[in-house]
Amino acid sequence: MEEMKKGLEGVVALDTKISFIDGIQGILMYRGIKIEDLADLSYDAVSYLLINGNIPNETELLEYSQEIKKNRQINGKQIEVLNEFDFGIEALDGLRTAISCTAHFDLENNHHSPDANKNKSIRLVAKFPTIVAALHRASFGQEPLEPNDELSHGANFLYMLTGKIPTELEAEAMEKDLILSAEHELNPSTFSLRIAASTLSDLYSAVICGLCTLKGPLHGGARKGVMDMLDEVGTIENVQSYVLDKLEKKEKIMGFGHRVYKTYDPRARIYKDVAKRLSIEKQDSSWFDMAEEIERILYHEFVEIRGKSLYPNVDFYSAVVYKYLDIPAELATSIFAIGRVSGWIAHCMEQYADNRVIRPRAHFV
Ligand SMILES: CC(=O)SCCNC(=O)CCNC(=O)[C@H](O)C(C)(C)COP(=O)(O)OP(=O)(O)OC[C@H]1O[C@@H](n2cnc3c(N)ncnc32)[C@H](O)[C@@H]1OP(=O)(O)O
Ligand SMILES: O=C([O-])CC(=O)C(=O)O
């Protein structure tokens, strides 16, 4: 039997047309287009690109956006179910249960034709933000807000969460966040989803696998971890002792390190720029300054301690952006999933189109 690679490090498990990562140069492309060039598009356009394979022309984009808007609503029965949730649970657990419940209301749930899968894709992309916002409001005993069709995917999410129309920069930040979160090759949640899809399980079930895997603090859950860390550190003066103490105890600093990137995560650069601009708009540089100081220490001092630098990953400056958007830390992983669902769907479709059950071997000891 072949050599065992712990954590499947470096193992190539499949061919994909969906994204490309060069972890040494720090390059990420969706469908052959660099992330830096995609970040200024709308989330709808990027979602379309991931799922359908091409940048939509004007008509395709209009039709896709209209379809998404038409499907944003959740029905009264679903809202009744959400209102019954025990809000002691974590937000991501609520989302997982709510998506499972949404599957029950989808008459095509167990239909596997390409048309049925396309319809379900639209419903999933459209309803994720509505459900996250509705769950959050329900946890405070508030009614869900009707989606606002004048607003982009990201801006409408912020609106449904707070009832306030976001500023131009806030809307841009949310759109960019969803785009940057949308796809990342065989990350753990996508891999788990592809395993589910490879058994020819349905789209909702595969997406729920993705959600369950995204939750972990070493994956999507790290975004919440960064927000909690910023709260715990509190002021820039505490950064040095906080970070060095963690390193001393061999604890991980959330939002740093990556299995594939051995350099700066290209998404982190874009988030950093958005976080900086938000700090200026909000006239409060405290979160940004603290984050930059954590980055500085991990770049320089980690070398002294471990002989290499640690770079921020996608979860680090996204957490700073969420701080400026007044997003509660409990929602961070669920919002990550609002973006990631398009990438998950694309991978599911790719798996269905050329399937073989994913089933590696274990080395018996
Ligand atoms: C959306 C995403 O999933 S992005 C990643 C989000 N996760 C995080 O931010 C959590 C913190 N980071 C980590 O736990 C890791 O860097 C991971 C999970 C992202 C990658 O894990 P792996 O590729 O298995 O790397 P591994 O955990 O083996 O780390 C390699 C070395 O770097 C160190 N290291 C890696 N990340 C960190 C970190 N964030 N803080 C401190 N040390 C770290 C490890 O301690 C280890 O050191 P050693 O070789 O001296 O033992
Ligand atoms: O690729 C990974 O391992 C994790 C990651 O950055 C992502 O899922 O966005």
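Residues numbered from 1 in each chain as written. Chains lettered and ligands numbered in written order. Predicted model: local features only at pLDDT ≥ 70, side-chain atom pairs only at ≥ 80, totals over all residues. Heavy atoms only, no water.

1. Some details on the site of ligand 2
(1) Moving on: Contacts to ligand 2 come from His184, Asn187, Pro188, His219, His258, Arg267 and Arg340.
(2) Moving on: A distance of 2.7 Å separates an oxygen atom of ligand 2 from a polar atom in the side chain of histidine 258.
(3) Moving on: Arginine 340 is positioned such that a nitrogen or oxygen atom in its side chain is 2.7 Å from an oxygen atom of ligand 2.
(4) Moving on: Across the complex, the protein chains shield 87% of the 270 Å² of accessible surface that ligand 2 would expose by itself.
(5) Moving on: Looking at the shell around ligand 2 residue by residue, the classes come out as one nonpolar, four polar and two charged. (Near = heavy atom within 4 Å. Polar contact = N/O pair within 3.5 Å; in protein donor to acceptor, adjacent residues only side chain to side chain. Areas by Shrake-Rupley, 256 points an atom, 1.4 Å probe, with all protein chains shown as cover. Nonpolar A, V, L, I, M, F, W, Y, C, P; charged D, E, K, R; others polar.)

2. Points about the sheet that holds strand E1 (residues 19-22)
The strands that make up a sheet are held in pairs by hydrogen bonds between backbone atoms, and each pair lies either parallel or antiparallel.
(1) Moving on: Spatial strand order, E1-E2-E3: three strands in an open sheet with antiparallel pairing. Both outer strands of the open sheet, E1 and strand E3 (33-34), are each paired with one neighbouring strand and no more.
(2) Moving on: With four bridges joining them, E1 and strand E2 (residues 27-30) adopt antiparallel strand pairing. Looking across to E2, one finds that aspartate 22 is bridged to isoleucine 27. (Pairing = 2+ DSSP bridges. Helix = DSSP H or I, 4+ residues; strand = E, 2+ residues; numbered from the N terminus.)

3. Points about the packing of aromatic side chains
(1) Moving on: The full count for this structure, using the stated rule, is six aromatic pairs.
(2) Moving on: Between tyrosine 299 and tyrosine 311 the ring centres are 5.7 Å apart and the planes differ by 65°, which places this aromatic pair in the edge-to-face class. With tyrosine 299 in helix H14 (residues 286-306) and tyrosine 311 in the loop between H14 and helix H15 (314-324), the pair connects residues that are twelve residues apart, well separated along the chain.
(3) Moving on: Aromatic ring contacts, followed pair by pair, group Phe256, Phe288, Phe316 and Tyr317 into a single cluster.
(4) Moving on: Cation over ring: lysine 323 sits above tryptophan 287, and NZ or CZ is 4.4 Å from the ring centre. (Phe/Tyr/Trp six-rings, centres within 6.5 Å; stacked < 30°, edge-to-face > 60°. Lys NZ or Arg CZ within 6 Å of the ring centre and 35° of its normal.)

4. Topic: the site of ligand 1
(1) Moving on: Around ligand 1 lies a shell of 20 residues, among which His219, Lys252, Ile253, Gly255 and Arg259 are the nearest.
(2) Moving on: In this structure, leucine 218 approaches ligand 1 through a main-chain N or O atom, which is 2.8 Å from a nitrogen atom.
(3) Moving on: A distance of 2.7 Å separates a nitrogen atom of ligand 1 from a polar atom in the backbone of isoleucine 253.
(4) Moving on: Isolated, ligand 1 exposes 910 Å² of accessible area, and the fraction of that covered by the protein chains is 71%.

5. Some remarks on the nonpolar core
(1) Moving on: Ranked by size, the top nonpolar core spans 109 residues in total, and within it Leu95, Phe128 and Ile294 carry the most contacts.
(2) Moving on: Sort the elements by how many residues they give to this core and helix H16 (residues 332-353) lands first, with eleven residues.
(3) Moving on: Residue-level mapping places this core at the junction of two domains, with at least three residues from each of domain 1 (19-215 + 332-353) and domain 2 (222-324). (Core = buried A, V, L, I, M, F, W, Y, C linked by side-chain atoms within 4.5 Å. Buried < 20%, exposed > 50% of the residue type's maximum accessible area, 1.4 Å probe, protein only. Domains from an automatic or database assignment.)

6. Regarding helix H7 (residues 153-162)
(1) Moving on: The buried fraction of H7 is high, at nine of ten residues.
(2) Moving on: Of the positions making up H7, those classed as buried are His153, Gly154, Ala155, Asn156, Phe157, Leu158, Tyr159, Met160 and Leu161.
(3) Moving on: Along its buried surface, H7 packs onto helix H2 (43-52), helix H3 (58-70), helix H6 (114-138), helix H8 (168-180) and H16.
(4) Moving on: Remark: glycine 163 follows H7 within two positions and exhibits a positive phi of approximately 80°. (Contact = heavy atoms within 4.5 Å.)

7. Brief notes about the packing of helix H11 (residues 222-233) against H16
(1) Moving on: In contact at an axis separation of 7 Å, H11 and H16 are set at 140° when each is read in the N-to-C sense. Here H16 runs oblique to H11, going by the angle between their axes. Between H11 and H16 the crossing geometry is right-handed. The segment H11 lies against H16, with Arg223, Lys224 and Met227 engaging Ala332, Thr333 and Phe336.
(2) Moving on: Looking at side-chain class alone, the contact of H11 with H16 contains three nonpolar, one polar and two charged residues. (Axes fitted to C-alpha atoms, helices over the stretch in contact; angles between N-to-C directions. Parallel < 35°, antiparallel > 145°, perpendicular 65-115°, else oblique. Left-handed = near helix turned anticlockwise from the far one by under 90°.)

8. What to know about the UniProt feature "active site" (unreviewed entry) in the protein
(1) Moving on: In the numbering used here, UniProt assigns the feature "active site" (unreviewed entry) to His258 and Asp315. Spatial clustering of the annotated residues is evident: they stretch over 58 residues in sequence, but the largest pairwise C-alpha distance comes to 10.5 Å.
(2) Moving on: Here histidine 258 shows up in the loop between helix H12 (239-248) and helix H13 (266-281).
(3) Moving on: Those residues in contact with histidine 258 that sit more than four places away from it in its chain are His184, Asp265, Arg267 and Asn313. (UniProt positions renumbered as here; feature names shortened; annotations may be inferred.)

9. Here's the deal with the confidence of the model for the protein
(1) Moving on: Scored by pLDDT, the protein has a mean of 96; 100% of the residues are at 70 or more.
(2) Moving on: For this predicted complex, the interface confidence reaches an ipTM of 0.98, while the overall pTM sits at 0.97. (pLDDT = per-residue confidence, 0-100.)

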